[in-house]
Amino acid sequence: MGTIARVIVLVHGVPETGELWDGVRAALDEDAVALWLPGFGCARPDGFGATMDDYAAWLVHELEGFDEPVDLVGHDWGALLTYRIATAHGRLVRSWVADVGGGLHPDYVWHDVARSWQTPGDGEALVAQMVEAGAGAGAVYEGFGVPADAARRLASWMDETMGECILSLYRSATPNVASHWMDVWVPTSAPGLVLAPSEEPFGGDGSGSKEVADWLGARHEVLEGVGHWWPLQAPDAATEAIAAFHASVR
């Protein structure tokens, strides 16, 4: 009997593009596909509302295009979408890995930047500021541990289309994600891993991340010494954790 081909599908977050995963993809020994959220470094389709449910439906459609269930890996909003797929559309995944587990907790309170995006007027002003700054805002990301070149690249991805999608996405997710998607929270049919960077400033506290992992029947692993943008900060170390998990469930 031949070996079934396995595909790793990577989903980025905000304010990012699929280029976030370049270092991880280079370090992986298996085929990996990085999806680009509509409007994030690519076109926003006509009529696409860019809400959390719109992005979840888009991801379902993308995953249905693969011949076999995939090994899904999500970061930031890509992680929140991964949790939704794993719980509500488990047939599409063979395994899943996601971070910001605390952001899925029912007690989660959005961070300051998210709350600005969710506030009419303030959100538009912040988006305009980020677009105007472009790569010049790289120092902001360096403050979160992103290497200088990667930080400038990350800052440069922001444009008006992405900004509009960010506002729609975050304004659809109040007061938090759990208030919309907790309807199907049970242990997932596919094995899962919740990654928790030790220096995570946006994804809630570590106890919330561990509690979410327990609810979903998933493993929980702390990535020591790295922050929110671990795919840029430490792609090799992160890939080791992902690859070890995949090896353990095959």
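Please refer to the structure higher up on the page.
Now for a description of the structure that goes with this document. (Residues numbered from 1 in each chain as written. Predicted model: local features only at pLDDT ≥ 70, side-chain atom pairs only at ≥ 80, totals over all residues. Heavy atoms only, no water.)

1. Things to note about the pattern of salt bridges
Oppositely charged side chains can form a pair if their charged atoms are brought close together. This structure, assessed with the given rule, holds eight salt bridges. Arg84 is the salt-bridge partner of Asp183, the closest N and O atoms lying 3.1 Å from each other. Of this pair, Asp183 sits in the loop between helix 9 (178-181) and strand 5 (192-199) while Arg84 sits in helix 3 (residues 77-88), and the two are 99 residues apart along the sequence. Since its relative accessible area comes to 16%, Arg84 is described here as buried. The partner of Asp214 in a salt bridge is Lys210, and the shortest N-O contact between them spans 2.8 Å. Linking Asp214 with Lys210, this pair stays in helix 10 (residues 206-215), spanning four residues, or about one helical turn. Asp214 sits in the partly exposed class, given a relative accessible area of 45%. Here Lys210 falls in the partly exposed class, since its relative accessible area comes to 36%. (Salt bridge = Lys/Arg side-chain N within 4 Å of Asp/Glu carboxyl O. Helix = DSSP H or I, 4+ residues; strand = E, 2+ residues; numbered from the N terminus. Buried < 20%, exposed > 50% of the residue type's maximum accessible area, 1.4 Å probe, protein only.)

2. Some points on the environment of Met182
As for its placement among the helices and strands, Met182 is situated in the loop between helix 9 and strand 5. Counting along the chain gives 77 residues from Met182 to His105, while the straight-line C-alpha distance between them is 9.0 Å. If sequence neighbours within four positions are ignored, Met182 has contacts with Pro106 and Trp215. (Contact = heavy atoms within 4.5 Å.)

3. A look at helix 5 (residues 122-133)
Here helix 5 contains twelve residues, and its C-alpha end-to-end distance of 17 Å stays within 8% of the 16 Å for a straight helix at 1.5 Å per residue. Residues of helix 5 that are buried: Gly123, Val127 and Met130. The arc that holds every buried residue of helix 5, seen down its axis, measures 65 degrees, which confines them to one face. Exposed side of helix 5, more than 90 degrees from the buried face: Gln129 and Glu132 are the residues found there. For helix 5, the elements touching its buried residues are helix 4 (112-118), helix 6 (138-142) and helix 8 (160-171). Looking one or two residues beyond helix 5, the residue adopting positive phi is Gly134, at roughly 55 degrees. (Expected span 1.5 Å × (residues − 1). Arc of directions from axis to C-beta.)

4. Focus: the side chain of Glu16
Along the polypeptide, Glu16 turns up in the loop between strand 1 (8-11) and helix 1 (22-27). For the buried Glu16, which has no salt bridge, the nearest side chain bearing the opposite charge is Arg153, at an N-O separation of 11 Å. Within polar-contact distance, the side chain of Glu16 engages the side chain of Trp229 at 2.6 Å. With near-sequence residues (within four places) excluded, Glu16 lies in contact with Phe40, His75, Leu154, Trp157, Met162 and Trp229. (Lys, Arg positive; Asp, Glu negative; His and termini not counted. Polar contact = N/O pair within 3.5 Å; in protein donor to acceptor, adjacent residues only side chain to side chain.)

5. Some remarks on helix 8
Compared with the 16 Å implied by 1.5 Å per residue over twelve residues, the 17 Å span of helix 8 between its first and last C-alpha is a close match. When helix 8 is considered as a whole, its buried residues turn out to be Met162, Gly163, Cys165, Ile166, Leu167, Leu169 and Tyr170. Looking at the buried positions of helix 8, the neighbouring elements they touch are helix 2 (52-64), helix 3, helix 4 and helix 5. For helix 8, the capping residue at the N-terminal end is Asp159, with a side-chain oxygen 3.3 Å from the backbone nitrogen of Thr161.

6. What about the nonpolar core?
Ranked by internal contacts, the top residues of the largest apolar core, which has 85 residues, are Tyr55, Leu72, Trp77, Tyr83, Trp96, Trp110 and Val177. Not counting residues within four places of it along the chain, the set of residues in contact with Tyr83 comprises Trp96, Ala98, Asp99, Val100, Gly101, Leu104, Val194 and Leu216. (Core = buried A, V, L, I, M, F, W, Y, C linked by side-chain atoms within 4.5 Å.)

7. Some words on the state of the cysteines
Where two cysteines share a covalent bond between their sulfur atoms, that bond is called a disulfide. This model, assessed by the stated rule, comprises zero disulfides. Of all cysteine sulfurs, the one in Cys165 lies closest to Cys42, which takes part in no disulfide; the gap is 8.4 Å. (Disulfide = S-S within 2.5 Å.)

8. Things to note about the packing of aromatic side chains
Enumeration over the complete set of coordinates arrives at 14 aromatic pairs. Geometrically, the ring pair formed by Phe144 and Phe202 is tilted, given 5.2 Å between the ring centres and 50 degrees between the ring planes. Within this pair, whereas Phe144 is found in the loop between helix 6 and helix 7 (148-156), its partner Phe202 is found in the loop between strand 5 and helix 10, the two being separated by 58 residues in sequence. According to the relative accessible area criterion, Phe202 is buried, its value standing at 16%. Plain terms: the ring middles of Trp185 and Trp215 are 5.5 Å apart, the flat faces sit at 45 degrees to each other, and that makes the pair tilted. Of this pair, Trp185 sits in the loop between helix 9 and strand 5 while Trp215 sits in helix 10, placing them 30 residues apart in sequence. For Trp185, a relative accessible area of 14% gives the class buried. Through successive ring pairs, a cluster of aromatic residues spans Trp77, Tyr108, Trp110, Trp117 and Tyr170. (Phe/Tyr/Trp six-rings, centres within 6.5 Å; stacked < 30°, edge-to-face > 60°.)

Fair warning: the whole summary comes from geometry, so function is off the table for now.
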